[in-house]
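Overview (structure and organization)
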Amino acid sequence: GEEVAQTPKHLVRGEGQKAKLYCAPIKGHSYVFWYQQVLKNEFKFLISFQNENVFDETGMPKERFSAKCLPNSPCSLEIQATKLEDSAVYFCASSQLGDTAGNTIYFGEGSWLTVV
Amino acid sequence: GQSLEQPSEVTAVEGAIVQINCTYQTSGFYGLSWYQQHDGGAPTFLSYNGLDGLEETGRFSSFLSRSDSYGYLLLQELQMKDSASYFCAVPNRDDKIIFGKGTRLHILP
């Protein structure tokens with residue numbers, strides 16, 4: 001597709017429940033990035049992929065967060081046992097090249113996760 | 001580590017010019033980008049400066065001074081639709097983009 005498609009747009013989970021978000025990058029883009037944005041503030045980097053391989057996962061709270069990008073499937077970000085502080089907008093972005101210097105990355109519209 | 005500082009809010013009048021500043025501290029520098037985000041929307045790329053100087057794209061311009069670790073976004077002929085948050089961002093050597101906390105631009109009629 002011509003845009004980064006994220007689903008669902010909105011998701012409400014009770015504390016302790018699982019949440020799973022999906023992202024289809026722009027066709028032909030090899031790099032996928034996940035960011036977390038809390039309360040319209042700064043974007044916190046979570047993880048990036050080069051095709052199906054994890055490229056950088058230094059931002060991931062690994063005890064509860066996991067992510068995958070499998071061939072011929074949307075990428076996914078899963079949160080086990082959600083906590084109130086996980087309430088945020090999760091943005092997926094994709095890029096043709098991994099060299100982000102001067103290379104535009106395209107963001108999806110985000111998935112709004114509310115943990116109650 | 002890396003950090004970016006930008007004002008949290010700026011207010012300007014429709015038709016005027018506004019400048020949003022950004023200072024950064026990075027280990028290695030690979031350029032400065034600007035993104036716009038409307039409420040409830042996706043961040044969209046506005047501009048990138050890899051070298052010192054001014055880059056112009058229509059009503060928006062972006063400036064970089066690497067010696068001062070400083071850049072700014074200049075918006076001219078402000079329109080109400082420019083009300084948004086503006087984020088400066090730098091890619092790091094691992095190719096992830098680090099964002100500032102954003103500047104909320106309020107435009108008065």
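Read on for an overview of the structure. Quick caveat, the model's predicted, so the values are computed rather than measured. (Residues numbered from 1 in each chain as written. Chains lettered and ligands numbered in written order. Predicted model: local features only at pLDDT ≥ 70, side-chain atom pairs only at ≥ 80, totals over all residues. Heavy atoms only, no water.)

Along its length, chain A carries zero helices and 11 strands. In chain A, the succession of α and β elements from N to C terminus is β-β-β-β-β-β-β-β-β-β-β. Relative to the compact-globule value of 13 Å for 116 residues, chain A shows a C-alpha radius of gyration of 13 Å, a close match. Principal-axis analysis of the C-alpha atoms gives chain A an extent of 35 × 25 × 25 Å. Across the 116 residues in chain A, those meeting the buried criterion constitute 47%. For chain A, restricting intrachain contacts to residue pairs at least 6 apart in sequence, the fraction spanning at least 24 positions comes to 52%. Surface accessibility of chain A: about 5900 Å² in total, with carbon and sulfur atoms responsible for 50%. (Helix = DSSP H or I, 4+ residues; strand = E, 2+ residues; numbered from the N terminus. Rg over C-alpha atoms; globule rule 2.2 N^0.38 Å. Buried < 20%, exposed > 50% of the residue type's maximum accessible area, 1.4 Å probe, protein only. Contact = heavy atoms within 4.5 Å. Areas by Shrake-Rupley, 256 points an atom, 1.4 Å probe, with all protein chains shown as cover.)

Now for the pattern of salt bridges. Residue and element names in this part refer to chain B. In total, this model carries eight salt bridges over all chains according to the counting rule given. Among the ionic pairs, Arg 104 bridges to Asp 39, the shortest N-O distance being 3.0 Å. Linking Arg 104 in strand E11 (residues 103-108) with Asp 39 in the loop between strand E4 (32-37) and strand E5 (44-49), this pair joins segments that are 65 residues apart in sequence. The class of Arg 104 is partly exposed, set by a relative accessible area of 22%. (Salt bridge = Lys/Arg side-chain N within 4 Å of Asp/Glu carboxyl O.)

All right, on to the state of the cysteines then. According to the stated counting rule, one finds three disulfides over all chains in the structure shown. A disulfide bridge connects A:Cys69 with A:Cys75, and the sulfur atoms are separated by 2.0 Å. Judged by the torsion about the S-S bond (110°), the A:Cys69/A:Cys75 disulfide is right-handed. Across the pair, exposure class does not vary: A:Cys69 and A:Cys75 are buried alike. Residue pairing for B:Cys22: its cysteine sulfur links by disulfide to B:Cys88, the two sulfurs lying 2.1 Å apart. Across the disulfide from B:Cys22 to B:Cys88, rotation about the S-S bond amounts to roughly 75°, and the bridge is consequently right-handed. With B:Cys22 in strand E3 (residues 18-25) and B:Cys88 in strand E9 (residues 84-91), this pair connects stretches of sequence that are 66 residues apart. (Disulfide = S-S within 2.5 Å.)

A word on the nonpolar core. Core analysis: the biggest nonpolar cluster contains 23 residues, and A:Trp34, A:Leu77 and A:Tyr90 have the highest contact counts within it. For A:Tyr90, the residues in contact, after removing those within four places along its chain, are A:Gln6, A:Leu21, A:Trp34, A:Tyr35, A:Gln36, A:Leu46, A:Phe65, A:Leu77, A:Ile79, A:Gly110, A:Ser111 and A:Leu113. Residues B:Trp34, B:Leu46, B:Ala84 and B:Leu105 belong to the second largest nonpolar core, which totals 22 residues. (Core = buried A, V, L, I, M, F, W, Y, C linked by side-chain atoms within 4.5 Å.)

Turning next to the sheet that holds strand E7 (residues 65-68) of chain A. Residue and element names in this part refer to chain A. Reading across from one edge, E1-E3-E8-E7 is the order of the four strands in this open sheet, with antiparallel pairing throughout. The strands lining the two open edges of the sheet, one partner per strand, are strand E1 (5-7) and E7. Direction aside, the axes of adjacent strands within the sheet are offset by 15° on average. By the bridge criterion, four bridges tie E7 to strand E8 (residues 75-79) in an arrangement that is antiparallel. Opposite Lys 68, over in E8, you have Ser 76 as the bridge partner. (Pairing = 2+ DSSP bridges. Axes fitted to C-alpha atoms, helices over the stretch in contact; angles between N-to-C directions.)

For the rest of this paragraph, the subject is the side chain of B:Asn49. Residue placement: B:Asn49 occurs in strand E5. Looking at B:Asn49, its side chain comes within polar contact range of the side chain of B:Ser62, at 2.5 Å. (Polar contact = N/O pair within 3.5 Å; in protein donor to acceptor, adjacent residues only side chain to side chain.)

As a further point, take the sheet that holds strand E6 (residues 53-57) of chain B. All names here are of chain B. Reading across from one edge, E1-E3-E8-E7-E6 is the order of the five strands in this open sheet, with antiparallel pairing throughout. If you trace the sheet from one side to the other, it starts and ends with strand E1 (3-5) and E6, each paired once. Ignoring which end each strand starts from, the neighbouring axes of this sheet average 20° apart. The sheet contact formed by E3 and strand E8 (residues 70-75) spans six bridges and is antiparallel. Looking at the pairing, Gln 19 lines up with Leu 74 of E8.

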